[in-house]
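# Inside the fold
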Amino acid sequence: QTNYHPHAGSLPAQVMDAMSKLNISVQVETHEAVIDCESHRKVIKSLKGVLIRNLLVTEKRIKKKIQYLICVPSEKGNIALKTIGKYWKVGGGLRGVSDPDVTFKVGKGSITPLAVLFDDANIVQVIIDEECRDQTLLLHPASNEATVAVR
């Protein structure tokens, strides 16, 4: 656990400020930049909780700008978009958003449900797996060089 001081005005700083203003207490740990859950799991030293895998998707055939940020425990492995699309009754299925930084202004490996606080276009719906209920979640604060534990 370390003090985390992102650059003033950056999205990670805005995320941390928003959580502070909402009286959401978090623990923070900084680490080397990671771009996937496997390497993320290896760099977390002291934080305890459920590491979250995030995938930003949209419907294949629909021109609407609605996007879904699917958040599941990383232990579940890959997210089966075909299965989820059928369950949600999405006719054309789902596809990953190829450039998530356009939506959230974050770099590769930094996507987080916390960035939805700054989804000015209001196009992202966050879907969190029910297994995450009542758990401490380990998330990036819009930077892949830190992890926050949020309950």
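So, how was this worked out
Residues numbered from 1 in each chain as written. Predicted model: local features only at pLDDT ≥ 70, side-chain atom pairs only at ≥ 80, totals over all residues. Heavy atoms only, no water. Patch = residues over 30% accessible without salt bridge, like charges linked within 9 Å, V, L, I, M, F, W, Y side chains within 5 Å. Areas by Shrake-Rupley, 256 points an atom, 1.4 Å probe, with all protein chains shown as cover. Salt bridge = Lys/Arg side-chain N within 4 Å of Asp/Glu carboxyl O. Helix = DSSP H or I, 4+ residues; strand = E, 2+ residues; numbered from the N terminus. Buried < 20%, exposed > 50% of the residue type's maximum accessible area, 1.4 Å probe, protein only. Contact = heavy atoms within 4.5 Å. Core = buried A, V, L, I, M, F, W, Y, C linked by side-chain atoms within 4.5 Å.

Moving on to a nonpolar patch on the surface. Together, Leu22, Ile24 and Leu117 make up an exposed nonpolar region whose accessible area comes to about 260 Å². By secondary structure assignment, the location of Leu117 is in the loop between helix 4 (100-104) and strand 5 (124-128). A relative accessible area of 46% places Leu117 in the partly exposed class.

Once that is clear, we can look at the environment of Pro113. Structurally, the position occupied by Pro113 is in the loop between helix 4 and strand 5. Classification of Pro113 as buried rests on a relative accessible area of 16%. Along the primary structure Pro113 and Asn54 are separated by 59 residues, whereas in three dimensions their C-alpha atoms are 7.9 Å apart. Beyond its immediate chain neighbours, meaning those up to four positions away, Pro113 contacts Asn54, Leu69, Cys71, Val126 and Leu139.

Time to look at the pattern of salt bridges. Within the structure shown, the criterion is met by three salt bridges. With its nearest N and O atoms 2.4 Å apart, the salt bridge here joins Lys76 to Asp129. Taken together, the residues Lys76 in the loop between strand 3 (67-73) and helix 3 (81-87) and Asp129 in the loop between strand 5 and strand 6 (137-139) connect sequence positions 53 residues apart. Exposure remark for Lys76: the relative accessible area of 42% places this residue in the partly exposed category. Between Glu131 and Lys76 there is a salt bridge, with its nearest N and O atoms 3.3 Å apart. Remark: Lys76 occurs in the loop between strand 3 and helix 3 and Glu131 occurs in the loop between strand 5 and strand 6; sequence separation between them is 55 residues. Since its relative accessible area comes to 49%, Glu131 is described here as partly exposed.

Our focus in this paragraph is unusual backbone geometry. The phi dihedral of Asn23 falls on the positive side, at around 60 degrees, and the residue is not glycine. Secondary-structure assignment places Asn23 in the loop between helix 1 (11-21) and strand 1 (26-30). Of note, the phi angle at Asp134 is positive, near 60 degrees, even though the residue is not glycine. Mapping Asp134 onto the fold places it in the loop between strand 5 and strand 6.

What follows concerns the nonpolar core. Generally speaking, a soluble globular protein has its nonpolar side chains buried in company with each other. Grouped together as the largest cluster of nonpolar side chains are 25 residues, with contacts concentrated most on Ile52, Leu139 and Val148. Those elements that provide at least two residues to this core are helix 1, strand 2 (50-59), strand 3, strand 6 and strand 7 (146-150). If we ignore the near neighbours within four places in the chain, the residues touching Val148 are Met16, Val26, Gln27, Val28, Leu47, Leu114, Leu137, Leu138, Leu139 and Pro141. One finds Val57, Val72, Leu81 and Leu94 within the second-largest nonpolar core, a separate group that totals eight residues.

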